[in-house]
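# Descriptive analysis of the structure
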Amino acid sequence: MCGKRDHSVFSLKMYSRRDFAGVLVGAAIAVACFLLVPPSSPPCRVVPAGPEPAVLGGDGAQADQSSTKKLDMPAASSFPNEDKLMELLGRAAMEDDKTIIMTFTNEAFSAPGSLMDLFLESFHTGLKTEPLLKHLVIVAVDAAAFARCQEVHPLCYHLAVDGGADFSSEQEFNAKDYLDMMWLRHRFQARVLELGFSFVFTVRDIDNIDVDIVWFRNPLLRVPVAADIAMSCDQYFGENPYDLNKKANGGFVFARSRPRTVAFYRDWYGEARAAYPGRNEQFVFDKVKRRLAERHGLAVQFVDTAYLSGFCHNNRDFRKLCTFHGNCIPGLQRKLAHLRQVLDEWKQFRANHTALTD
């Protein structure tokens, strides 16, 4: 069963009398410095009695100083029709935390009867997932996919591609157009964060473009408030979701719009990508996740494969599953047939468990 999200409370009670006394002592020393030390003398340095206060992000959550400084960097390039994008994100965002659900598609994956239709169908058959469709933004990377999206879904965005690249068909793994698509999509995600929106990205596959996933329950219920980034993984072991000794799988990514998350994404796209030329963003993430998380004070969580599964792991416990990813199945038609079978199994499970509520 997908658990409920944790809630944190920030209270003024956290400040002790000792902290208050420390403030008074510090103020007294500063006044003494001003009155007794000549202007030409070096300034007095006040050493705090306790730990230095943490730098806080705009949301009141702790952020390290390096993340705050990174905000001086130039913003990611804007995208075509950004006014339209802002309007679309505003309509799709969840009221409590400005979170959207986002996926990418192309002509091959959005044709009638293809993976996009299967993806949307799963929202109608899942447990309490149909209302989530009003938060889903489908990003189309070619004109045909955009036109098809508008026929079946109200929240579509056309991400126009410059430079003559063609992303309308299946992409060969690690070919130039494939890598360009992966990093363009990554930059788009970073821009969404910069615009103040958190997102659930669903889904990325290593040999194709997206929407090869079905939803049974709301996976956001598996993400605690403390997580800045939550991601699915190939294998889940141990009891600690914040243990980074797991291989990332970008089939599900949640990113919270906070200054430190924006800084993490910029360094991931910039210096980390440059350090590993010719590699996709998932490979680079696994190489730099510890260093960048430590640099920016980021809480990165991996979600148990009991809740976010796929063909690589192939856990089909429908009492727990939130999403099922069509990974490890090459080829569009094979992927479609296997995911259709999983969705049909889910429908049969629901028919046999009519009292199922969560």
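Quick summary incoming for the structure in this document. In this text the structure is predicted, and so the values were computed from the model without any measurement.

Here the structure, examined in full by the defined rule, presents two disulfides. Cys149 shares a disulfide with Cys156; S-S distance 2.0 Å. The sign of the S-S torsion, about -85°, decides the handedness of the disulfide formed by Cys149 and Cys156: left-handed. For the pair formed by Cys149 and Cys156, the shared burial category is buried.

This part covers the packing of aromatic side chains. This structure, assessed with the given rule, holds 17 aromatic pairs. Feature note: the residues Phe199, Phe264, Tyr265, Trp268 and Phe285 constitute an aromatic cluster, connected by ring pairs. Positioned above the aromatic ring of Phe237, the side-chain terminus of Lys246 is 5.2 Å from the ring centre.

Two strands in a sheet stick together by hydrogen bonds in their backbones, pointing the same way (parallel) or opposite ways (antiparallel). Across the sheet, seven strands lie side by side as S5-S4-S3-S6-S9-S8-S10; this open sheet has mixed pairing. Both outer strands of the open sheet, strand S5 (156-158) and strand S10 (300-303), are each paired with one neighbouring strand and no more. When the angles between neighbouring strand axes are averaged without regard to direction, this sheet yields 30°. With five bridges connecting them, strand S8 (residues 229-233) and strand S9 (residues 248-255) associate as antiparallel partners. Looking at the pairing, Ala230 lines up with Phe254 of S9. The sheet strands contacting helix H3 (residues 82-92) are strand S3 (99-105), strand S4 (136-140) and S5, and the helix crosses S5 at an angle near 160°. Set on the sheet, helix H6 (residues 143-152) makes contact with S3, S4 and S5; between it and S5 the angle comes to about 165°.

Analysis parameters
Residues numbered from 1 in each chain as written. Predicted model: local features only at pLDDT ≥ 70, side-chain atom pairs only at ≥ 80, totals over all residues. Heavy atoms only, no water. Disulfide = S-S within 2.5 Å. Buried < 20%, exposed > 50% of the residue type's maximum accessible area, 1.4 Å probe, protein only. Phe/Tyr/Trp six-rings, centres within 6.5 Å; stacked < 30°, edge-to-face > 60°. Lys NZ or Arg CZ within 6 Å of the ring centre and 35° of its normal. Pairing = 2+ DSSP bridges. Helix = DSSP H or I, 4+ residues; strand = E, 2+ residues; numbered from the N terminus. Axes fitted to C-alpha atoms, helices over the stretch in contact; angles between N-to-C directions. Contact = heavy atoms within 4.5 Å.

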